[in-house]
Amino acid sequence: MQFRVVTDQPWDVQTDLLVVPIVGEPSFTGPLDELDRRTGGELRALAAFGELRPKRYATALAAPGGLPVGRVLTVSAGDRDGLDREVVHHLAAAAERRLGGRTVRRLAFWLGDLADRFESDAALVAGIVARGLVEGGYEPGTIYRETVEAAPPSLDEVTIVAPGTDRAALEAAVRRGQIIGEGANTARTLANRASNDVSPLVLAEEARAIAEHHGLAIEVIGPDRATELGMGMFMAVGRGSDNPPQLIVLRSGREGETDALGRHLAIVGKGVCFDSGGISIKPSERMEEMKMDKTGAATVIAAIATVARLAPGTPLLAVAPAVENMPGPHSTRPGDVVRALNGKWVEITNTDAEGRLILGDALTYAERLGATHLVDVATLTGAVGRAFGNLVTGAFGTPQDWYEAVAAAGARAGERYTQIPLVDDYVADMESWYADLQNAGPAEASLVKSGLFIREFRTRPWAHLDIGGTAYFRKPTAYAPRGATGVTHATLVELALAGARSA
Ligand code: BES
Ligand code: ZN
Ligand code: ZN
């Protein structure tokens, strides 16, 4: 997909399809009036017919009249007050998805009055649009098959149409948005791939290929070395499978090097290539979704590659503990007591609460590698999805100013988070008779406790993003297909880039 930026008026752009965003009730004044005039009144006719009501991501196709384009596609942003970065992102993706199965090679996206809500920052909006168009073209149906009917068209050329703007600034923003979108799609494919395809070893191979391609350092710790190091929690989860556990570490920049903000940031992602629950086996209903339990790992691997593309050499660590959680003669049993890498003794009362175990050791290891600030991403609980659905990621963090730095990166990325409190008093519910703590306790506030457990295994500023609800969609929406959403990738990239010396 080749992007270009033009500062021409939308009626002067030659293309197969012109996208026209509609914010609120369309008012036919200024350029929209002129555009309508040149279509011979098609847009007004659509409005009169009730097609342009402010319903978010609703689309309508119009004949071009005298415009040098094949078709005009309107996409509604919904009401003006609700227009934020997330809406711009989803609107652009919805435009691209709406073209599924159509023969479009060249698309032009007119920014219209989208930038009005962003202090006329057209570059900001153009970057988000580019990212949305790239992500909107994502089709998981072709991971294994050659072709899929009604897949979004693969575009040769995308033109961002932004009259009266600074073209160079928009071009830079568009390139950045495109790269972030491509990174999200990389994460999505790794996450969507089946468990018989992506074992921990295969995930490590994929990480190796990515590291080579982007000049990242890589270390992969297999079961022998993990045991030797004392990663008792990581090994407790991985030991039940014939597919050996692999702890994947990627690094950009030099060992222990701090970034422009004085941080050595580590992003840590849960890589459970399949979560059967282990001996605490899950019910069979929807168990196939647990191939997605490696989404956190997929996301941090893709995010460090994206950062390397946008700001090479930025100090950053990505740690992805990869395991398969399986029942078998070698599996951990409920009641087993293991020693974590940080020396704490842990009683594993529920082998299905495995994410916190592998993350705990991975966080300790990241600190040993010099990490001063930590963020983990994990499909950690079903509870977060029941509470907040698939559009809001549950986030924890301490101290509060680090939480806020992560939340601010999320806001820049147009991703939605809600903070979940780390209520100290609930730690008592995780006390064990035999160990320093147990990995699962009474069901009350289990979401809070999942964060409290992980908190025990780091000493530095840390945030935890629970994408149990947001990692994947069970059915398609206007802007995304079923499957992995790429959520948190852009947040991690924004967070890391805040410490970049170039970019
Ligand atoms: N991977 C699951 C969480 C999950 C479930 C994510 C469904 C997305 C969709 C995790 O390992 C798990 O099983 N968590 C348990 C924790 C409980 C045993 C304390 C849960 O949420 O039920
Ligand atoms: Zn589990
Ligand atoms: Zn899991």
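Everything that follows concerns the structure shown earlier in this document.
Residues numbered from 1 in each chain as written. Chains lettered and ligands numbered in written order. Predicted model: local features only at pLDDT ≥ 70, side-chain atom pairs only at ≥ 80, totals over all residues. Heavy atoms only, no water.

> Run through the packing of aromatic side chains, naming residues and quoting values.
Enumeration according to the criterion identifies 3 aromatic pairs in this entry. On the basis of an interplanar angle of 70° and a centroid distance of 5.5 Å, the ring pair of Tyr 57 and Tyr 479 is categorised as edge-to-face. One end of the pair, Tyr 57, is in the loop between α2 (42–48) and β3 (59–62); the other, Tyr 479, is in the loop between β19 (472–473) and β20 (483–484), and 422 residues separate them in sequence. For the pair Tyr 57 and Tyr 479, one class covers both residues: buried. Ring geometry for Phe 453 and Phe 457: centres 5.1 Å apart, planes at 40°, overall tilted. (Phe/Tyr/Trp six-rings, centres within 6.5 Å; stacked < 30°, edge-to-face > 60°. Helix = DSSP H or I, 4+ residues; strand = E, 2+ residues; numbered from the N terminus. Buried < 20%, exposed > 50% of the residue type's maximum accessible area, 1.4 Å probe, protein only.)

> Run through the coordination of the zinc ion (ligand 3), naming residues and quoting values.
The coordination sphere of the zinc ion (ligand 3), as far as protein atoms go, consists of Lys 270 (NZ), Asp 275 (OD), Asp 293 (OD) and Glu 354 (OE), spread over 2.0 to 2.4 Å. Coordination geometry of the zinc ion (ligand 3): the 6 donor atoms subtend angles of 78 to 171° at the metal centre, consistent with an arrangement described as octahedral. Counting along the primary sequence, the residues that act as donors to the zinc ion (ligand 3) give the motif K-x4-D-x17-D-x60-E. Here the zinc ion (ligand 3) and the zinc ion (ligand 2) are spaced 3.2 Å apart, and both take Asp 275 as a donor. Pair noted here: Lys 270 is in the loop between β9 (265–269) and β10 (271–275) and Glu 354 is in the loop between β13 (345–348) and α10 (355–368), with a separation of 84 residues, a long-range link. Comparing Lys 270 with Glu 354 shows no difference in burial state: the two are buried. (Donors = N, O, S within 2.8 Å, 3.2 Å for Na, K, Ca; no water. Tetrahedral: all angles 85-135°; square planar, octahedral: opposite > 155°, others 65-115°.)

> Report on helix α5 (residues 167–192), specifying residues and quantitative values.
With 26 residues, α5 should cover 38 Å at 1.5 Å per step; its first-to-last C-alpha distance of 37 Å lies within 8% of that length. N-cap assignment for α5: the residue whose side-chain oxygen lies 3.2 Å from the backbone N of Ala 168 is Asp 166. (Expected span 1.5 Å × (residues − 1). Polar contact = N/O pair within 3.5 Å; in protein donor to acceptor, adjacent residues only side chain to side chain.)

> Explain helix α3 (residues 85–98) residue by residue, including any values.
Along an α-helix, residues three or four apart share an orientation, since each turn contains 3.6 residues. Taking 1.5 Å of rise per residue, 14 residues should cover 20 Å, and α3 covers 20 Å from first to last C-alpha, within 8% of that figure. By the criterion of burial, α3 is predominantly enclosed, with 11 of the 14 residues buried. Residues of α3 that are buried: Glu 86, Val 87, Val 88, His 89, His 90, Leu 91, Ala 92, Ala 93, Ala 94, Ala 95 and Glu 96. Elements that come into contact with the buried residues of α3 comprise β2 (15–22), β4 (69–76), β5 (106–110) and α4 (122–136). Backbone nitrogen of Glu 86 and a side-chain oxygen of the N-cap are separated by 3.2 Å at the start of α3; the cap is Asp 84. (Contact = heavy atoms within 4.5 Å.)

Don't take any of this as a statement about function, it's just geometry.
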